[in-house]
Amino acid sequence: MSAALHILVRGAVQGVGFRPFVYRLAQTLGLSGWVLNDSDGVTIEIEGDADQVQHFLHQLQHTPPPRAQIDQIEATWHPPHGYTTFQIRPSLPRGMPTTLIPPDTATCPDCLAEMLDPHNRRFGYAFTNCTNCGPRFSIIAALPYDRPNTTMRAFVLCPACGAEYGDPVDRRFHAQPNACPVCGPRLAFDVVGEAQSPTTPPLNAALTALRQGQIVALKGIGGYQLLVDPRNAEAVARLRLRKHRPAKPLALMARDLEQAAALVQIDQVAAELLTSVAAPIVLLPRIPHPSIALADLVAPGHPYLGVMLPCSPLHHLLLRSFDGPLVATSGNLSDEPICIDDTEAHQRLGQIADAFLSHNRPIERHVDDSVVQVVAGIPRMLRRARGYAPLPVPLPATPPSTLALGGQLKNSIALSIGPQVFISQHIGDLHTLEARSAFERVIHDFLRLYAAQPSLIAHDLHPDYASSQMAHTSTLLPDARRVAVQHHHAHFAACLAEHAAPGPALGVIWDGTGYGVDATIWGGEFLFGDVAASQRVAYLRPFTLPGGEAAVREPARVALALLWETLGPACLEQEDLAPLAHFNPTQRSLLLRMLQHGLNSPHTSSAGRLFDGVAALLGLHLQVSFEGQAAIALEHLADPHESLAYPFALEATTAPAQSAGGVTCVPNPIILDWRPAISALLADLRRGVAPQQIAARFHNGLISAICALARHIGVATIALSGGCFQNRHLAEGVIRQLQAAHHHPLLPRHLPVNDGGLCYGQVAAMLSTTN
Ligand SMILES: [Zn+2]
Ligand SMILES: [Zn+2]
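Because the structure is predicted, anything quoted here is derived from the model rather than measured. (Residues numbered from 1 in each chain as written. Chains lettered and ligands numbered in written order. Predicted model: local features only at pLDDT ≥ 70, side-chain atom pairs only at ≥ 80, totals over all residues. Heavy atoms only, no water.)

### A word on the sheet that holds strand E1 (residues 2-12)
Moving on, step 1. Pairing is mixed in the open sheet, where five strands are placed in the order E4-E1-E3-E2-E5. Of all strands in the sheet, those with a lone pairing partner are strand E4 (69-78) and strand E5 (86-88), marking the two edges. Sheet twist, expressed as the average angle between the axes of neighbouring strands with direction ignored, equals 15°.
Moving on, step 2. Where E1 lies against strand E3 (residues 41-49), eight bridges are found, and the strand directions are antiparallel. Each bridged residue has a counterpart across the sheet, and for Leu5 the counterpart in E3 is Ile46. (Pairing = 2+ DSSP bridges. Helix = DSSP H or I, 4+ residues; strand = E, 2+ residues; numbered from the N terminus. Axes fitted to C-alpha atoms, helices over the stretch in contact; angles between N-to-C directions.)

### Points about the packing of helix H15 (residues 555-567) against helix H18 (residues 607-617)
Moving on, step 1. Following both chains from N to C, one finds H15 and H18 inclined at 95°, their axes separated by 7 Å at the closest point. Comparing the axis directions of H15 and H18 gives the class roughly perpendicular. Here Pro555, Ala556, Val558, Ala559, Leu562 and Leu563 of H15 lie close against H18, whose contacting residues are Arg609, Leu610, Asp612, Gly613, Val614, Ala616 and Leu617.
Moving on, step 2. In terms of residue class, the contact of H15 with H18 is made up of ten nonpolar, one polar and two charged. (Parallel < 35°, antiparallel > 145°, perpendicular 65-115°, else oblique. Contact = heavy atoms within 4.5 Å. Nonpolar A, V, L, I, M, F, W, Y, C, P; charged D, E, K, R; others polar.)

### Quick word on the domain arrangement of the protein
Moving on, step 1. According to the domain assignment, the protein contains domain 1 (2-88), domain 2 (96-185), domain 3 (187-359) and domain 4 (388-495).
Moving on, step 2. Each of domain 2 and domain 3 has a C-alpha centre, and the two are 25 Å apart.
Moving on, step 3. Listed by partner, the interface residues are 13 residues for domain 2 and 15 residues for domain 3.
Moving on, step 4. A combined buried area of about 1100 Å² lies between domain 2 and domain 3, and 72% of that area is made up of carbon and sulfur atoms.
Moving on, step 5. Three residues stand out in domain 2 for area buried against domain 3, namely Ala106, Ala126 and Phe127, and they jointly supply 36% of the buried area on that side.
Moving on, step 6. Taken together, the connections running from domain 2 to domain 3 amount to zero salt bridges.
Moving on, step 7. One can count two residue pairs in polar contact (both at pLDDT 80 or more) joining domain 2 with domain 3.
Moving on, step 8. Per-class residue counts for the side of domain 2 that touches domain 3 are seven nonpolar, five polar and one charged. (Domains from an automatic or database assignment. Buried area = accessible area lost by both parts, 1.4 Å probe. Salt bridge = Lys/Arg side-chain N within 4 Å of Asp/Glu carboxyl O. Polar contact = N/O pair within 3.5 Å; in protein donor to acceptor, adjacent residues only side chain to side chain.)

### A short note on the UniProt feature "domain: Acylphosphatase-like" (unreviewed entry) in the protein
Moving on, step 1. Mapped onto the present numbering, the UniProt feature "domain: Acylphosphatase-like" (unreviewed entry) falls at residues 4-90.
Moving on, step 2. Here residues 4-90 runs as 28% helix and 44% strand, with 21 Å between its end C-alpha atoms. (UniProt positions renumbered as here; feature names shortened; annotations may be inferred.)

### A look at H15
Moving on, step 1. Compared with an ideal rise of 1.5 Å per residue, which puts 13 residues at 18 Å, H15 spans 18 Å between its outermost C-alpha atoms and is within 8% of the ideal.
Moving on, step 2. Burial of H15 is extensive: eleven of the 13 residues sit out of reach of the surface.
Moving on, step 3. Restricting attention to buried positions, one finds in H15 the residues Pro555, Ala556, Arg557, Val558, Ala559, Leu560, Ala561, Leu562, Leu563, Trp564 and Thr566. (Expected span 1.5 Å × (residues − 1). Buried < 20%, exposed > 50% of the residue type's maximum accessible area, 1.4 Å probe, protein only.)

Right under this line is the structure:
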């Protein structure tokens, strides 16, 4: 019996080999009809034997191409039209370009097999790709996604590649970056300070340089990376010195899962992440006695390593010939954005790298390597870029079209179109001129790519953030209304929206710094409400930061402030404590005067600073070279088997009623007082309790305090967000205890729990706003 179906497939189904897949499936099943791309996704007319049509629908649902992301399939039966063939029809002109721009994806197994086959015409070719894999976001200059709109426009397809491109049953049908050694991009190698390139093939020259302990700048997918042999201590030290990165761990690239397993513990979740098409850096626990001896300086004192697998053919070729893993860190100086332009890279990285392995395929925009960690058994984004950006994250409803500019640190921006929020790649800290111009580039890039005219600009409440200042430049969308969103409310709204949780909920929003409604620095906040608005119902007992920003760089100052609040002037008697011993008598009395009179000592309720201060009390990091360094050390120190917890007190207080950026301060908030915990910690120090136990008791105390507050507020849904919840010990402990008490804890997954997720929360906060 003959039957016909009209099928509409929605989701990320363009630029992922969907039409060739449909074509081949129809051919195999002897069905006729057509398939085409339109602004809704992919539309299919399929007809023939009823059983085969049914089978077609089943295959479509259950075995789509690996990179396709189907959101919805609508299928309607109707009488057959009498088609005799199956055709791929030309795309229908689009209305608004809601079509998803695909992210860059790692080399597929078919392409890898071809590159490694000596009889294949792509043997050893570093730019092999197909519709299932390869660069996308990093090469797309404009929509629609056609070769002339990519950085492949200068490369003319050779007859063999052209034939693949035009053949509906070929894996490379309409593969826009299709290339081969005859017609595609080529590698180049040059040594810094030498005008002439060596005559050896570029890949071999780079391998030799790496084996000799040199630093090689590699032009990767979304920017330059710096490579070095992680077993060569002297070489790693040289990289750190030249890159001005004394301590922050360096990421590693391993040849395959087997080599990665020689460094870190890989369970099922981790293996799936590492081998996923996004191929992110995954933070994983080191194995106790690794067969590969890494230099200590790769990740000094860290029980975790950031590891990724090759994400491009070039990386595969390098790792397959290099006998061991490689450090693969971003090609930048300290916290600047990664280099994408060849000339700029030679200027900025020429002081760091000994040699360059580059090529002539331009990079359209910077896309860093993504970083993911597994918390409570679920992958959680820490830095969202290559492999994920610019895929949208949906909202539970449709806000007015909004451009959200994010925060100051770990910045990213967001643009809403309908209920979808397109999130930019990680941009970084907006402290440098380079970062701020990258930030501006991304804003204009997004508005242009998606042809968007948002009616709202959402930004942080902090008047001094570069992103807030950008919101108020008159040339940016002059007709759009500007709306400020309080920092911690944005974190709260992001967590709720990602989980489509309607609220009311309690948000436990803990981080380092965010501008509060009362113009002080917040960071240990308990917010009650929903995505649109919340009340500050409780917060950590505020303390002062002697020297302000200086205290962020020097946790010993924070420790001194905690001691001052707990003991008063008697704190000076604790001379043998590391933070006191750290300062000479003159410095000590100066700091004490600052604390006494509140001179240059801003108030804060920051949980991040509390962690810093406690770490310093244990002598972990009296000074830090990157944000979170002391707190991370405290987390890693904590003994997971310790069950005792330090006491925290909940106390009622009064506060002036004020509101801004979606947050209202209630007149009778609760103070979470940490002083009893500090007293208990000091007593433990005096008794000689092991620092591992002290660190754990502090964590356990905070976990119990959060649960006590949740019980007091008496609401089921608890949203956990803010940079402090990157801390696994804290996050997993809170989730466990809240679940045991029948609460419903939520922790962000697809967006960073840190400030990288703020932009999405700023859009979510607009859900109840009208234009
Ligand atoms: Zn492929
Ligand atoms: Zn070719």
